[in-house]
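One letter stands for each residue in the lines below.
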Amino acid sequence: MHISDEDDLILRLSNHDRAAFEQIFKTYYTDLCKFCIKYVRDEQVAEEVVQEVFINIWERRASLTITTSIKSYLFTAIRNRSFNYLKLQLPKEQKKVDL
């Protein structure tokens, strides 16, 4: 995707353009899920993490600031959300061991 196309998509997204959001979703969803699985090691969890990121983007679309490419932004968001998921899972795993 070209920079001008990305800038246009970001602008349209910030103007509540559902078609722009759907284009971003359809373009990146599958690759983001594959990337996320490398961290969370569970396909269903990976899909949920990716969906959460997209929900967050849609909810914050009016105030969202993307200073990199959309792709970089999304992959960074997925990595960070995956780490957050893993941090929350660690105490649960420790409780299982204690039982």
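These numbers come from a predicted model, not from an experiment.

Participant: Can you break down helix α2 (residues 18–40) residue by residue, with the values?
Facilitator: Of all the bends found along α2, the most pronounced is centred on Tyr-28 and spans about 45°. Within α2, the full set of buried residues consists of Ala-20, Phe-21, Ile-24, Tyr-28, Tyr-29, Leu-32, Cys-33, Cys-36 and Val-40. Following α2 by one or two positions, Arg-41 has its phi on the positive side, about 60°.

Participant: Tell me about the packing of aromatic side chains, and please be specific about residues and values.
Facilitator: Applying the stated criterion across every chain yields a total of 7 aromatic pairs. With a centroid separation of 5.9 Å and an interplanar angle of 85°, the aromatic rings of Phe-21 and Phe-54 are classed as edge-to-face. Of this pair, Phe-21 sits in helix α2 while Phe-54 sits in helix α3 (residues 43–59), placing them 33 residues apart in sequence. Like Phe-54, Phe-21 is buried. Between Phe-25 and Phe-54 the ring centres are 4.8 Å apart and the planes differ by 65°, which places this aromatic pair in the edge-to-face class. With Phe-25 in helix α2 and Phe-54 in helix α3, this pair connects stretches of sequence that are 29 residues apart. Exposure remark for Phe-25: the relative accessible area of 27% places this residue in the partly exposed category. Using a relative accessible area of 2% as the deciding quantity, one classes Phe-54 as buried.

Procedures and definitions
Residues numbered from 1 in each chain as written. Predicted model: local features only at pLDDT ≥ 70, side-chain atom pairs only at ≥ 80, totals over all residues. Heavy atoms only, no water. Bend = angle between axes of the 7 residues up to and from the residue. Helix = DSSP H or I, 4+ residues; strand = E, 2+ residues; numbered from the N terminus. Buried < 20%, exposed > 50% of the residue type's maximum accessible area, 1.4 Å probe, protein only. Phe/Tyr/Trp six-rings, centres within 6.5 Å; stacked < 30°, edge-to-face > 60°.

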